[in-house]
Amino acid sequence: EAGVAQSPRYKIIEKRQSVAFWCNPISGHATLYWYQQILGQGPKLLIQFQNNGVVDDSQLPKDRFSAERLKGVDSTLKIQPAKLEDSAVYLCASSLGGTGAYNEQFFGPGTRLTVL
Amino acid sequence: AQSVTQLDSHVSVSEGTPVLLRCNYSSSYSPSLFWYVQHPNKGLQLLLKYTSAATLVKGINGFEAEFKKSETSFHLTKPSAHMSDAAEYFCVVLYGGSGNTGKLIFGQGTTLQVKP
């Protein structure tokens, strides 16, 4: 089965510019997650979607970050304007979700963002 | 609040020798715990998970972990290291519920180096 797809794999921008990342989850997965992984740290959840609704965005810096999941499938994460401290790998993950027991999250390869 | 602490940022072993990666957790109730592995330029992969069943959990690629409530530990072990085991390992706790509304809290990671 195809895994979680992300693009682009690498992006270099200057501070104050805008950038967008795209994620295509595993087919049939209702829950989609965006994580930020700063160099030398573990991933941190930014936002969680269940279908096209937001479950948790408490860690998303809403003054500059936004995310959407139209039609409950693909998702985009946008940063506008970018700051130096946004340099990180942005990981997308998906899971079957639902109201039952926890389902495994499957991670994409990530997008490495460098802000100069 | 739930959290995990990985006691070593870097572990170096020789090929064929045992691997021990240490993790302590903090939780006000019985946690769900995981170990993930991250190879360079690849997505995070689930190694194993503990969800209050057997305290000794077996995972993929010969890894296992033991949940010890008295020590609040969840150390990852492997009897014999292989060169392909060289990667970043993350101890993870599920926070905010046992189902899919919970979120993964990652430790800082341990880099495993395997020498020939």
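Up top you'll find the structure we're talking about.
What counts as what
- Residues numbered from 1 in each chain as written.
- Chains lettered and ligands numbered in written order.
- Predicted model: local features only at pLDDT ≥ 70, side-chain atom pairs only at ≥ 80, totals over all residues.
- Heavy atoms only, no water.
- Helix = DSSP H or I, 4+ residues; strand = E, 2+ residues; numbered from the N terminus.
- Rg over C-alpha atoms; globule rule 2.2 N^0.38 Å.
- Buried < 20%, exposed > 50% of the residue type's maximum accessible area, 1.4 Å probe, protein only.
- Areas by Shrake-Rupley, 256 points an atom, 1.4 Å probe, with all protein chains shown as cover.
- Lys, Arg positive; Asp, Glu negative; His and termini not counted.
- Charge placed at Lys NZ, Arg CZ, Asp CG, Glu CD.
- Disulfide = S-S within 2.5 Å.
- Polar contact = N/O pair within 3.5 Å; in protein donor to acceptor, adjacent residues only side chain to side chain.
- Contact = heavy atoms within 4.5 Å.
- Salt bridge = Lys/Arg side-chain N within 4 Å of Asp/Glu carboxyl O.
- Nonpolar A, V, L, I, M, F, W, Y, C, P; charged D, E, K, R; others polar.

S.K.: Tell me about the overall build of chain B, residues and numbers included.
M.R.: When helices and strands are counted, chain B shows zero helices and twelve strands. Listing each helix as α and each strand as β along chain B from the N terminus yields β-β-β-β-β-β-β-β-β-β-β-β. Whereas a compact globule of 116 residues would reach a radius of gyration of roughly 13 Å, chain B reaches 14 Å, a difference of no more than 12%. Along the first, second and third principal axes, the C-alpha set of chain B runs to 40 × 30 × 20 Å. Counting over 116 residues, chain B shows a buried share of 44%. For chain B, the exposed area adds up to about 5400 Å²; of that, 51% sits on carbon and sulfur atoms. For chain B, the distance from the average site of its 9 positive side-chain charges to the average site of its 7 negative ones is 6 Å.

S.K.: Go over the state of the cysteines with me, naming the residues and quoting the values.
M.R.: Using the criterion set out here, one finds two disulfides over all chains in the structure. Each sulfur in the disulfide pair Cys23 of chain A and Cys92 of chain A lies 1.9 Å from the other. Of note, the bridge from Cys23 of chain A to Cys92 of chain A carries an S-S torsion of about -70° and is left-handed in sense. One end of the pair, Cys23 of chain A, is in strand β3 (residues 19-24); the other, Cys92 of chain A, is in strand β9 (residues 88-95), and 69 residues separate them in sequence. Each of the two residues, Cys23 of chain A as well as Cys92 of chain A, counts as buried. The disulfide that involves Cys23 of chain B links it to Cys91 of chain B, with 2.0 Å between the sulfurs.

S.K.: Break down the side chain of Asp85 of chain B for me, citing the residues and quoting the values.
M.R.: Residue and element names in this part refer to chain B. Note on placement: Asp85 falls in the loop between β9 (73-78) and β10 (87-95). When its relative accessible area of 4% is taken as the criterion, Asp85 is described as buried. Polar contacts involving the side chain of Asp85 include one to the side chain of Lys78, which spans 2.8 Å. If we skip the residues at most four places from it in the chain, Asp85 touches Phe63, Lys78, Ser80, Leu112 and Val114.

S.K.: Can you explain the pattern of salt bridges? Please cite residues and give values.
M.R.: Residue and element names in this part refer to chain A. Going through the model one piece at a time under the given rule, you end up with six salt bridges over all chains. For Asp86, the salt bridge goes to Arg64, with nearest N and O atoms at 2.5 Å. One end of the pair, Asp86, is in the loop between β8 (75-79) and β9; the other, Arg64, is in the loop between β6 (53-56) and β7 (65-68), and 22 residues separate them in sequence. Take Asp86 and Arg64: they sit in the same class, and that class is buried.

S.K.: Residues and numbers for the environment of Arg69 of chain A, please.
M.R.: Residues and elements named next belong to chain A. Here Arg69 shows up in the loop between β7 and β8. Here Arg69 falls in the buried class, since its relative accessible area comes to 2%. Sequence spacing of Arg69 and Asn52 is 17 residues, and the spatial spacing of their C-alpha atoms is 5.2 Å. Look past the residues within four positions of Arg69 in its chain and what remains in contact with it is Pro25, His29, Ala30, Thr31, Leu32, Phe49, Gln50, Asn51, Asn52, Asp74 and Ser75. At 2.9 Å, the side chain of Arg69 forms a polar contact with the backbone oxygen of Asn51. Within the structure, Arg69 has its side chain in polar contact with the backbone oxygen of Gly72 (distance 2.9 Å).

S.K.: Before we move on, can you summarise the interface of chain B and chain A with the specific residues and values?
M.R.: By convention, interface size is frequently given as the accessible area that disappears when the constituent parts associate. Across the boundary between the two partners, chain B contributes 20 residues, which contact 27 residues of chain A. For the salt bridge of Lys103 of chain B with Asp56 of chain A, the shortest nitrogen-to-oxygen distance reads 3.6 Å. For the pair chain B and chain A, the interface holds one residue pair in polar contact (both at pLDDT 80 or more). Where the side of chain B that touches chain A is concerned, the elements lending two or more residues are β5 (33-38), β6 (44-50), β10 and β11 (103-106) of chain B. The residue inventory of the side of chain B that touches chain A, partitioned by class, reads eight nonpolar, ten polar and two charged.

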